[in-house]
2 protein chains.
Amino acid sequence: MKRSVNVFAPATVANVVCGYDVLGFAVNAPGDEVIMRLRDEPGVIITKISGDEGRLPYDPAKNTVSLSVQHYLNHIGRPDVGVEIELFKKMPIGSGLGSSSASTVAGLFAINTLMDSPLSKMELVPFAMKGEEMACGYGHADNVAPALLGGFVLVRSYEPLDIIKLPYPEELFCSIVFPQIDVPTRDARQIIRSKILLKDAVVQWGNVAGLVAGLYTKDIDLIARSMKDVIVEPVRSILIPDFYKLREIAMENGALSFGISGSGPSVFTFTRNEDDARIINEKLQKHFLWLDTESIAYRSPINAQGPIILD
Amino acid sequence: MKRSVNVFAPATVANVVCGYDVLGFAVNAPGDEVIMRLRDEPGVIITKISGDEGRLPYDPAKNTVSLSVQHYLNHIGRPDVGVEIELFKKMPIGSGLGSSSASTVAGLFAINTLMDSPLSKMELVPFAMKGEEMACGYGHADNVAPALLGGFVLVRSYEPLDIIKLPYPEELFCSIVFPQIDVPTRDARQIIRSKILLKDAVVQWGNVAGLVAGLYTKDIDLIARSMKDVIVEPVRSILIPDFYKLREIAMENGALSFGISGSGPSVFTFTRNEDDARIINEKLQKHFLWLDTESIAYRSPINAQGPIILD
């Protein structure tokens, strides 16, 4: 049995433009790392957190990583096991890129590995959702499921939980720009209207169906045509300065799609190759600079593996 | 060049439970037949209509078949061509099975055949939609597209029109029962609320995405799990006597799903084989009889071809 393990878990883009609360995918970068070591007494403790600028709690009863790891240990009937956790935040908090998911998934994958993997990745999803509930008051799966399973994921239903892995064209590339403005997930959810027009919903589920069809048939044009959001984006885009100008810049530079990652403020595009993603990132960052806003850019293919054990 | 042609076009099930206004499929039976003959002078005339109990107009300016055929001739620059049409209604009107679509599609396929097929079936869709607009005040495509193309069809978008053929498991069988009660399409549309809850819409597009994924992977269980409608059915089901009891009967007898076909009052199920479809039809018809309601039952695999030329 291993005594310690070092795990990386990926950032994720939830919603994916037309699939509010049901679609998400993982990227190779950024992501978080966790080093976990068994210790001789019970209890989950956190010995180190870096990269969080002091924003995350060391208190095991308040940190989502320790909480979900303890929840897991209780569930598998091993509350006697104790571990110490070092958390290396290698991605920004509050970016809309599933930051808490990445940490939680890294922690759960680490403890499951140390326990000789009694649960599958799919079976870990509810534990990670519990972590999400603690992090942002809402136990959603559209970040944790792709972070755990890798790839493109559909959360068909929450009750009962029904998660489906979707295929995707391997050439699909993703560019992400995180403008350093503050948009708490709670606020981003609250500004969305609770009632919508049926005719808008019909447009949306036509597009969700089109996106899923495009993913199965690896039809890049259909994917691009389907990635429109007439419901959430018109509201959330007001939180991101110059959103429609940014879209114009992205689309003019070869983006297949442009939208908000999760609840924002990160924006992302799909492109046909890495070069397009790089150029789009440069142009979007330049525009943010012109708006006096610092930003961080990432580019990646869709991540296929989910969490991995590092050397 | 042919001087006359005899065409069959299939009935269709629109909405398919979770895909209101975006999904539809065709069945082998019932359907309508059209015999069309070129004549020596311009103008589209109707010389015979049978099976409609006198409900359809002979006036070419009022009949959707003649209107859409004339619209087609004008569009291809052949207003000089004249035809006479015999329409054999072999399915009930106002059943929710795309009755007007079947007639219109048969007429359009017939005239296109007589003109040596200048347009593809996909290109005929807008002409058939025009017919639907005249028949029920709303130019939808979820009946005419599957009636023309056969199979399972997604109408991703109306503006621009974007229609995608979906695969399906070949063993899927469909049972249909039409209770002879009157539910005009216009009324069935009007009782639907124009505003819905976002949380219901999320459930719905999770299911639409799940159904499309199930069709691509031919995963019968996923198809069955996804076929739930939390938006339209709760309202429209009040138009069908004992709807939830009928569902119970269908599900207890092996149905994968149960729902309203189009705007009703026909109900349909998917089953794994013809035997289940037959037994379900018997049980549902028996229940309708107990409700003092006459009904007509059909069963069919999903129709693959759309319209066909008869000998």
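Predicted, not measured: the structure shown is a model, and the values here were computed from it. Per chain, the residues get numbers from 1 upward, laid out in the order the sequence is written. Chain labels run from A onward and ligand labels from 1 onward, assigned in the order the entries are written. Totals for whole chains, interfaces and linings use every residue, but because this is a predicted model, local features are given only for residues with pLDDT of at least 70 and side-chain atom pairs only at 80 or more, for both listing and counting. The basis for every side-chain value is the complete set of non-hydrogen atoms in the structure, without hydrogens or water.

Draft legend 1. Structural view of the overall build of chain A. Each helix and strand in chain A was counted, giving 10 helices and 12 strands. Burial statistics for chain A: of 311 residues in total, 59% are counted as buried. Contact between two residues is taken to exist if any of their heavy atoms lie within 4.5 Å; hydrogens are not considered. Sequence separation of at least 24 residues holds for 73% of the intrachain contacts in chain A that already meet a minimum separation of 6. Summed over its atoms, the accessible surface of chain A is roughly 11,900 Å², and 50% of this surface lies on carbon and sulfur atoms. For chain A, the centre of its 30 positive side-chain charges and the centre of its 37 negative side-chain charges are spaced 2 Å apart. The helix and strand labels rest on DSSP assignments: H or I over at least four residues marks a helix, E over at least two residues marks a strand, and numbering proceeds from the N terminus. In this scheme, a residue with accessible area under 20% of its type's maximum is buried, one over 50% is exposed, and one in between is partly exposed, where area comes from a 1.4 Å probe on protein chains only. We get accessible surface area from the Shrake-Rupley algorithm with a probe of 1.4 Å; when it comes to residues, only the shown protein chains can shield them. Residues scored as charged are limited to Lys and Arg (positive) and Asp and Glu (negative), so that His and the chain ends carry no count. By convention, charge coordinates are those of NZ in Lys, CZ in Arg, CG in Asp, or CD in Glu.

Draft legend 2. The relation of the copies chain A and chain B, seen in detail. Of the transformation placing chain A onto chain B, the axial shift is 0.0 Å and the rotation is 180°, giving an RMSD of 0.0 Å. The symmetry that links the two subunits is that of a two-fold axis. Comparing interface residues between copies, 100% of those in chain A also sit at the interface in chain B, which points to an isologous, same-surface contact. Here the copies were fitted onto each other by least squares, based on C-alpha atoms from residues at pLDDT of at least 70 in both.

Draft legend 3. The side chain of Ser103 of chain B, seen in detail. By the secondary structure assignment, Ser103 of chain B is in helix α2 (residues 99–114). Setting aside residues up to four positions removed in sequence, Ser103 of chain B forms contacts with Asp32, Val34, Val65, Leu87 and Lys89 of chain B.

Draft legend 4. Examining the UniProt feature "binding site: ATP" (unreviewed entry) in chain A more closely. Residue and element names in this part refer to chain A. Those residues carrying the UniProt feature "binding site: ATP" (unreviewed entry) are Pro92, Ile93, Gly94, Ser95, Gly96, Leu97, Gly98, Ser99, Ser100, Ser101 and Ala102 in this numbering. Along the chain, the position of Gly96 falls in the loop between β4 (82–88) and α2 (99–114). When you line up the elements, Gly98 lands in the loop between β4 and α2. Residues within four places of Gly98 in sequence aside, it is in contact with Thr12, Met91 and Asn143. UniProt positions are given in the numbering used here, feature names are shortened, and annotations may be inferred rather than shown by experiment.

Draft legend 5. Structural view of the sheet that holds strand β9 (residues 257–260) of chain B. Residues and elements named next belong to chain B. Taken together, the four strands give an open sheet; going across it, the order is β9-β10-β7-β11, and neighbouring strands pair in antiparallel fashion. Of all strands in the sheet, those bounded by a partner on one side alone are β9 and β11 (295–301). With strand direction ignored, the average angle separating the axes of adjacent strands in the sheet is 20°. At least two DSSP bridges between two strands are required for those strands to pair. Pairing geometry for strand β7 (residues 173–179) and strand β10 (residues 267–271), over five bridges, is antiparallel. By the bridge assignment, Ile176 is partnered in β10 with Phe268. A fitted line through C-alpha atoms serves as each axis, taken over the contacting stretch for helices, and the angle formed by two N-to-C directions is quoted from 0 to 180°. On the sheet, helix α9 (residues 243–252) packs against β9 and β10 and is oriented at approximately 150° with respect to β9. Along the sheet, helix α10 (residues 274–290) makes contact with β7, β9, β10 and β11, crossing β7 at roughly 15°.

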